[in-house]
Amino acid sequence: MAAPARLLALAALVLVLLLTAAPGADALRSLGVGDDAGAAVAQGDAAVDLNATGFDAFLGAAREPFAVVEFFAHWCPACRNYKPHYEKVAKLFNGPDAAHPGRVLMARVDCALKANVDLCSRFSVDHYPFLLWGPPTKFVKAKWDRKQEKSEIKLIDDGRTAERLLKWINKQLESSFTLDDKKYENESMLPKNASDPEQIVRAIYDVEEATAHALQIILEHKMIKPETRDSLVRFLQILVAHHPSKRCRRGSAELLINFDDHWPSNVSLSSQDSSRMLESVETDDHKICGKEVPHGYWMFCRGSKSETRGFSCGLWVLLHSLTVQIGDGESQSTFTSICDFIHNFFICEECRKHFYEMCSSVSVPFKSARDLSLWLWSTHNKVNERLMKDEKDLGTGDPSFPKVVWPPKALCPSCYRSSSRTGDEAVQVDWNEDEVFSFLINYYGKTLVSSYKETYMESQEKKLVGHVGPLSDDLSSSAARVPIGAALGVAVASCTFGALACFWRAQQKNRKQRKNWN
């Protein structure tokens, strides 16, 4: 092969690799890909300009779940007047200052360019501006017209202003974005007053995100195995009963009801059938806390650096919240479920090992929620103390959020009987544990869940009373069809909740069985 030909082939290969390795408009900005490669971002524009050369490759490599493609003509006055409207919406989703990155890819194609005529014909563009919506991959090598049935590409027929276009998008995403939404900036989002107990109210969103992220990790790393499935079932039962977010309780219940369909107890994940089941859950895009859980927008748990706090902080808040809402009779089973969940599903090996060692050091069963809450609080402080030393030596801590003993005196002065510093500058505290427990209940319980007046199971109980009447003699035979381990786990989690959840789950499974028999 001649040298010029080899150079051209190499350049083409590099371009393809770069386009498929980086997502959306951010990829273009980071790589500096120009118009001759089929995509470009005009100076100051958020929407990506595509042309026929790279249209399919670019959309095929996009990681956003949805795309809006505007087909226009640069000579069209209406298109020029519409561009500011389109850009207002594009800036919400595209670019470094996007308020909601990764949700929608906003792109455009100039049909007035000769190179794009065939591309515009593929999508039956008959007026300008012409907007289409759909998953980016569905645009690849596609042909579309208005008469097509069951197409995932849709014509946006009500997007003539920025407000109307965003309203249309919100309807598709079941979201409530506004044109005034701004990017969360680290410094502006940091809690400014550590002594303000109301700061924890913002953590409800972080607890939701941490819950969703934990399930995502479990699915992506295929961590549900015959030896771990029961521990996940038990943890989900606690979430159904006590998660501080109503929509997470609902999503946990739905996942629990269908758990045996996805992961039967007698199937190993190494089998082909089990892999297919796992793929079905991922394909269904199950959202344990609903569709609108934020991703990467930590609020209470937001660090001043992108690599600090976040998920681990949100998970700690969730665990504290669970321990202050359980009944005394649930304390030991909740302790076991939390320890097993971290041991089986927390992917940081060192953190998992340390936590499980502290779990294993507990020799006496917990008899009250108070004892469990104080144990988790003490454990968290021991973790902070260890990390405090590591971060100081390695310089990896968050300067705005250095590890401290919790709660600080400014947040709970009555929790401290006295405090002093040792020779190595560590803080030695004589705690008033009664006051600490009272603080934990109010901080991680009442304050955090103040916006959720009715529990999910209470709402389900009302439906059951209204639709299925009082519990009948059929309950025993129905419940018998629920796997023994799952049924016992539910009952142990909470007596009142256990009976209701077990009955509800049994009814759902029996309904499915009757449907299959018919």
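Conventions we followed
Residues numbered from 1 in each chain as written. Predicted model: local features only at pLDDT ≥ 70, side-chain atom pairs only at ≥ 80, totals over all residues. Heavy atoms only, no water. Phe/Tyr/Trp six-rings, centres within 6.5 Å; stacked < 30°, edge-to-face > 60°. Helix = DSSP H or I, 4+ residues; strand = E, 2+ residues; numbered from the N terminus. Buried < 20%, exposed > 50% of the residue type's maximum accessible area, 1.4 Å probe, protein only. Lys NZ or Arg CZ within 6 Å of the ring centre and 35° of its normal. Contact = heavy atoms within 4.5 Å. Disulfide = S-S within 2.5 Å. Pairing = 2+ DSSP bridges. Right-handed = clockwise from strand over helix to strand, strands pointing away. Expected span 1.5 Å × (residues − 1). Core = buried A, V, L, I, M, F, W, Y, C linked by side-chain atoms within 4.5 Å. Salt bridge = Lys/Arg side-chain N within 4 Å of Asp/Glu carboxyl O. Axes fitted to C-alpha atoms, helices over the stretch in contact; angles between N-to-C directions. Parallel < 35°, antiparallel > 145°, perpendicular 65-115°, else oblique. Left-handed = near helix turned anticlockwise from the far one by under 90°. pLDDT = per-residue confidence, 0-100. Nonpolar A, V, L, I, M, F, W, Y, C, P; charged D, E, K, R; others polar.

Colleague: Just checking my understanding: could you explain the packing of aromatic side chains for this structure?
Modeller: Describing an aromatic ring pair means giving the distance of the ring centres and the angle of the ring planes. For the structure on display, the rule yields 23 aromatic pairs. Plain terms: the ring middles of Phe130 and Trp144 are 6.2 Å apart, the flat faces sit at 65° to each other, and that makes the pair edge-to-face. Separated by 14 residues along the polypeptide, Phe130 in strand 5 (residues 130-134) and Trp144 in the loop between helix 6 (136-139) and strand 6 (154-155) bring together distant segments of the chain. The class for Phe130 is buried, based on a relative accessible area of 0%. Trp144 gets classed as buried once you look at its relative accessible area, which sits at 6%. Put simply, the rings of Phe55, Phe71, Phe123, Phe130, Phe139 and Trp144 touch in pairs and so form one group of aromatic residues. Its guanidinium or amino end placed over the ring of Phe300, Arg309 lies 6.0 Å from that ring's centre, counting from NZ or CZ. Sitting over the face of the ring of Phe401, Arg309 holds its NZ or CZ atom 4.0 Å from the ring centroid.

Colleague: Can you help me understand the environment of Trp168 in this one?
Modeller: If you trace the backbone, Trp168 turns up in helix 7 (residues 162-173). Overall, Trp168 belongs to the buried group, its relative accessible area being 12%. Sequence separation between Trp168 and Asp157 is eleven residues; the distance between their C-alpha atoms is 8.9 Å. Sequence-distant contacts of Trp168, that is, excluding residues within four places in its chain, are made with Trp133, Lys154, Leu155, Ile156, Asp157 and Asp158.

Colleague: Before we go on, may I ask you to explain the state of the cysteines in this structure?
Modeller: On inspection of all chains with the given rule, the structure shows five disulfides. Cys339 shares a disulfide with Cys359; S-S distance 2.2 Å. Residues Cys339 and Cys359 are joined by a disulfide whose S-S torsion is about -90°; by sign, that bridge is left-handed. Linking Cys339 in helix 15 (residues 331-345) with Cys359 in helix 16 (residues 349-360), this pair joins segments that are 20 residues apart in sequence. Classification of Cys339 by relative accessible area gives buried; the value is 4%. Residue Cys412 pairs covalently with Cys415 via a disulfide, S to S 2.0 Å. Its S-S torsion of approximately 75° makes the covalent link between Cys412 and Cys415 right-handed.

Colleague: When you look at the pairing of strand 3 (residues 66-72) in this model, what are you seeing that I'm missing?
Modeller: For a regular strand, the rule is simple: side chains alternate between the two faces of the sheet. The element strand 3 is extensively covered by neighbouring structure, given that six of its seven residues are classed as buried. Where strand 3 lies against strand 4 (residues 104-110), seven bridges are found, and the strand directions are parallel. Looking at strand 4, one finds that Phe72 is bridged to Asp110. This β-α-β element, strand 3 to helix 4 (residues 77-93) to strand 4, shows right-handed connectivity. Taken together, the five bridges between strand 3 and strand 5 define a ladder with antiparallel strand orientation.

Colleague: Any chance you could explain helix 17 (residues 369-394) here in plain terms?
Modeller: Think of an α-helix as turning once every 3.6 residues; residues three or four places apart then point the same way. End to end, helix 17 covers 37 Å across 26 residues, agreeing with the expected 38 Å (1.5 Å per residue, within 8%). Of the residues one or two after helix 17, Gly395 is the one with positive phi, at around 70°.

Colleague: Explanation requested: the nonpolar core in the structure shown.
Modeller: Across soluble globular proteins, nonpolar side chains show a tendency to be buried alongside one another. Formed by 73 residues in total, the largest nonpolar core has its most connected members in Val317, Phe355 and Trp375. Of all the elements, helix 9 (residues 203-220) adds the most residues to this core, at ten residues. Other than its neighbours up to four places away in sequence, Val317 contacts Ile200, Ala203, Val207, Phe300, Cys301, Tyr444 and Leu448.

Colleague: Explain the side chain of Asn381 to me, please; I cannot follow it from the model alone.
Modeller: The topology assignment puts Asn381 in helix 17. Not counting chain neighbours up to four residues away, the residues in contact with Asn381 comprise Val404, Val405, Trp406 and Trp431.

Colleague: Whenever I open this one, the environment of Asp157 confuses me. Can you help?
Modeller: Summarising the element assignment, Asp157 is placed in the loop between strand 6 and helix 7. The exposed category is assigned to Asp157, whose relative accessible area is 63%. Expressed as a C-alpha distance, the spacing of Asp157 and Leu131, which sit 26 residues apart in the sequence, is 7.7 Å.

Colleague: Looking at this structure, how should I read the pattern of salt bridges?
Modeller: Summed over all chains, the structure comprises 16 salt bridges. A salt bridge links Arg108 to Glu87, with the shortest nitrogen-to-oxygen separation between them at 2.9 Å. With Arg108 in strand 4 and Glu87 in helix 4, this residue pair connects regions lying 21 residues apart in the sequence. Accessibility assignment for this pair places Arg108 and Glu87 in one class, buried.

Colleague: Where do I start with the packing of helix 15 against helix 17 in this structure?
Modeller: Helices that pack against each other are described as a pair by the angle of their axes relative to one another and the distance between those axes. The geometry of helix 15 relative to helix 17 is characterised by a closest axis approach of 8 Å and an angle of 30° between their N-to-C directions. Classified by the interaxial angle, the pair formed by helix 15 and helix 17 is roughly parallel. Considering the relative orientation of helix 15 and helix 17, their crossing is right-handed. Mapping the contact onto sequence places Ser331, Thr334, Phe335 and Cys339 in helix 15 and Ala369, Leu372 and Trp375 in helix 17.

Colleague: Explain the confidence of the model for the protein chain to me, please; I cannot follow it from the model alone.
Modeller: Of all residues in the protein chain, 68% attain a pLDDT of 70 or more, and the chain-wide mean is 75. A low-confidence stretch, residues 185-193 stays under pLDDT 50, and its non-local contacts, those more than four residues away or across chains, total 24 contacts. Long-range and interchain partners of residues 451-505, a stretch whose pLDDT sits below 50, account for 73 contacts in this model, where long-range means more than four residues apart.

Colleague: In this structure, what is going on with the packing of helix 17 against helix 18 (residues 433-447)? I would like to understand it.
Modeller: Orientation of helix 17 relative to helix 18, taken along the N-to-C sense of each, is 90°, at an axis distance of 10 Å. One way to sum up the angle between helix 17 and helix 18 is to call them roughly perpendicular. Across the interface between the two elements, Ala369, Arg370, Ser373, Leu374 and Trp377 of helix 17 pack against Glu433, Asp434, Val436, Phe437 and Leu440 of helix 18. Grouping the constituent residues of the contact of helix 17 with helix 18 by class yields six nonpolar, one polar and three charged.

Colleague: Please explain unusual backbone geometry as it appears in this structure.
Modeller: Generally, phi is negative for residues other than glycine and the peptide bonds are trans, each holding for most cases. Residue Tyr128 is joined to Pro129 through a cis peptide bond whose omega torsion reads -15°. Inspection of the secondary structure puts Pro129 in the loop between helix 5 (117-122) and strand 5. In this structure, Pro407 follows Trp406 across a cis peptide bond, with omega equal to -5°. Within the secondary structure, Pro407 sits in the loop between helix 17 and strand 7 (416-421). Non-glycine residue Ser124 carries a positive phi angle of around 55°. Within the secondary structure layout, Ser124 lies in the loop between helix 5 and strand 5. Not every positive phi belongs to a glycine, and Lys141 is a case in point at roughly 55°. Tracing the chain through its elements places Lys141 in the loop between helix 6 and strand 6.

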